Amino acid sequence: MRFRFPLYPSSSSSLLSFIFSSSRFSTFISMAPAFEPAIGSENKSGNDGFKSKVAVVGSGNWGSVAAKLIASNTLKLNSFHDEVRMWVFEETLQTGEKLTDVINKTNENVKYLPGIKLGKNVVADPNLDDTVRDANMLVFVTPHQFMEGICKRLAGKVRGEVEAISLIKGMEVKTEGPCMISNLISEQLRINCSVLMGANIANEIAVEKFSEATVGYRDNREIAEQWVKLFSTPYFMVTPVQDVEGVELCGTLKNIVTIAAGFVDGLDMGNNTKAAIMRIGLREMRAFSKLLFSSVRDSTFFESCGVADVITTCLGGRNRKVAEAFARNGGKRSFDELEAEMLQGQKLQGVSTAREVSEVLSHRGWLELFPLFTTVHEICIGSLPPSAIVEYSEKKPRLSVLEDSTRCI
Ligand SMILES: NC(=O)c1ccc[n+]([C@@H]2O[C@H](COP(=O)([O-])OP(=O)(O)OC[C@H]3O[C@@H](n4cnc5c(N)ncnc54)[C@H](O)[C@@H]3O)[C@@H](O)[C@H]2O)c1
Ligand SMILES: O=P(O)(O)OC[C@H](O)CO
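Here the structure is a predicted model, which means the values were calculated and not measured. Counting starts from 1 at the beginning of each chain's written sequence and moves along it residue by residue. Naming scheme: in the order in which they are written, chains are lettered from A and ligands are numbered from 1. Local features in this predicted model are restricted to residues of pLDDT 70 or higher, and side-chain atom pairs are both shown and tallied only at a pLDDT of 80 or more, whereas totals for entire chains, interfaces and linings draw on every residue. In computing side-chain values, all of the structure's heavy atoms are included and hydrogens and water are not.

Q: Can you explain the site of ligand 1? Please cite residues and give values.
A: Residues in contact with ligand 1 amount to 24 residues; listed here are only the nearest, Asn61, Asn200, Ala202, Arg318 and Lys347. Any pair of nitrogen or oxygen atoms within 3.5 Å is treated as a polar contact; in protein, a donor-acceptor pairing is required on top of that, and neighbouring residues in sequence qualify only through side-chain atoms on both sides. One of the backbone N or O atoms of Gly63 is found 3.0 Å from an oxygen atom in ligand 1. Ala202 has a polar backbone atom sitting 2.8 Å from an oxygen atom of ligand 1. Relative to its free-state accessible area of 850 Å², ligand 1 is covered by the protein chains to the extent of 90%. Judged by the proximity of its atoms to the pocket grid, ligand 1 belongs to the largest pocket. Put simply, DSSP H or I for four residues or longer makes a helix, DSSP E for two residues or longer makes a strand, and each gets a number counted from the N terminus. Top contributing element to the shell around ligand 1 by residue count: helix H3 (residues 61-76), with 3 residues. Think of it as three bins: nonpolar holds Ala, Val, Leu, Ile, Met, Phe, Trp, Tyr, Cys and Pro, charged holds Asp, Glu, Lys and Arg, and polar takes everything else, Gly as well. When its residues are assigned to classes, the shell around ligand 1 shows 11 nonpolar, 9 polar and 4 charged. When residues of the shell around ligand 1 are assigned to domains, at least three fall in each of domain 1 (12-242) and domain 2 (253-408). When we say a residue is near a molecule or strand, we mean one of its heavy atoms is within 4 Å of it. For the area figures, the Shrake-Rupley method with a 1.4 Å probe applies, and any residue is considered shielded solely by the protein chains shown. Think of a 1 Å grid over just the protein atoms. A cavity is a set of points where a 1.4 Å probe fits yet cannot get out, a pocket is an open set with protein on both sides within 12 Å along at least five of seven lines, and lining residues have an atom within 4 Å of a point. For a cavity or pocket, the test is whether more than half of a molecule's atoms lie within 2 Å of its grid points; if they do, the molecule sits there. For the domain bounds, the source is a domain assignment made automatically or taken from a database.

So this is what it looks like as structure tokens:
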């Protein structure tokens, strides 16, 4: 393994104790941009062995930033082909031009990430089959509601030795139960799928502000290291964790918590209330994850994908922003309407995730164990007013159930 952070422990939880227990704290942030990425000493001048070819399926706000991160590394690293092909769900811009043509002409995704150059080795492609045809490393990064259709289109068209990673925060609920997106990819395409989640507001990473992320892998550490190598830059520090379900559920469930935080902001309830929502939300995330998968590790919630993503998303995410507007309008304007008006084509994940999780809770008789998740869904569908987001905690029986449920899981 060629990590180049000799001063730092390998997991974020131990990293935190390291930072706070040492005099290095004050210098940590200023030092961070100076560390070398996980690319180690590999560069393009080495001998030519097998080279991995990377394709990115998705080109929204985060999809475009992911392509930029990856493209900066494939140019530098000998074990990757330079070119990164990025699938674009084609659309016609107001100018009459096709988005794909504009990306390839200007090297910018003018609709979803304006003002940022992606790297000349990013090639936008409107044809899904062509995008993935020669790739052996597939990065999936679309809004989660489109993944079932994408997997159906790709079934049987992906080579067996392909490895995948999902950056998608969301889940599907089928008649037989919940299905994580990485699982959907694995089952439909018959390939292994890791995940990358974290405190990653795309627009901040696009301008190269320092962030961390977590790769969740199943059992092959070498594959995890390959993903870490592909994504790591001096401003994007990636930590591998052997807990796919835990990492993916963190990324998925935090989108419900951030909707609750947006309601709190829209009701001008202040920081203490928001902190309470984050704490209770994190407990419900952990309890729900462990009920679904007993293998989920507590330590995962202390990685970037856990507590850090809850914090950043409750402060600056799109779900928070739209939920705030929803509460300020007293729930009179729908999420769909606000999303279209405020996000210009970008998609919220929290409202549908609240519905999907509610279906699971209802089906399994767990609704009362998760008052925050349940209340968020009821507010989103108009069964409760936004102010119910804090009223629920005054209902002692429900709160005590929450405390009990999270204590024993
Ligand atoms: N944006 C962020 O800051 C961020 C950060 C981390 C993770 N994520 C996660 O990454 C995933 C993708 O988010 P994003 O920000 O790249 O997307 P986005 O919110 O910008 O969504 C827009 C994308 O959806 C595509 N799209 C619209 N209709 C489609 C259809 N019918 N079929 C296929 N694609 C269609 C658009 O072409 C565009 O590429 C989500 O799960 C999100 O939660 C986002
Ligand atoms: O803007 P949001 O609410 O979709 O959140 C973006 C990322 O998930 C934050 O890590």
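Q: Could you give an account of the pairing of strand E10 (residues 192-197), naming the residues involved and the relevant values?
A: Using a 1.4 Å probe on the protein chains alone, a residue whose accessible area is under 20% of its type maximum counts as buried, one over 50% counts as exposed, and one in between counts as partly exposed. In terms of residue burial, E10 counts as a mostly covered element, since 5 of its 6 residues are buried. Relative to E10, strand E7 (residues 163-166) runs parallel, the two being bridged by 4 bridges. When the sheet's bridge partners are listed, Glu163 is paired in E10 with Asn192. By the convention used here, strands pair only if DSSP detects at least 2 bridges between them. Where E10 lies against strand E11 (residues 211-216), 3 bridges are found, and the strand directions are antiparallel. Looking at the pairing, Leu196 lines up with Val215 of E11.

Q: An account of the UniProt feature "binding site: substrate" (unreviewed entry) in the protein chain is needed here, citing residue identities and associated values.
A: The UniProt feature table records "binding site: substrate" (unreviewed entry) at Lys169, Arg318 and Asn319. In summary, the annotated positions, though distributed over 151 residues, converge in three dimensions, the widest C-alpha pair being only 13.2 Å. For the largest pocket, the lining residues drawn from the annotated set are Lys169, Arg318 and Asn319. Relative to the helices and strands, Lys169 resides in the loop between E7 and strand E8 (171-174). Taking the relative accessible area as the measure of exposure, Lys169 reaches 16% and is therefore buried. Contacts: residue pairs with any heavy atoms within 4.5 Å of one another. Non-local contacts of Lys169, meaning those with residues more than four positions away in its chain, are made with His144, Met197, Gly198, Gly251, Thr252, Lys254, Asn255, Asp309 and Gln349. Looking at the secondary structure, you find Asn319 in helix H13 (residues 318-328). Excluding its chain neighbours within four sequence positions, the residues that come into contact with Asn319 are Asn255, Thr258, Ile259, Leu348, Gln349 and Gly350. UniProt positions are given in the numbering used here, feature names are shortened, and annotations may be inferred rather than shown by experiment.

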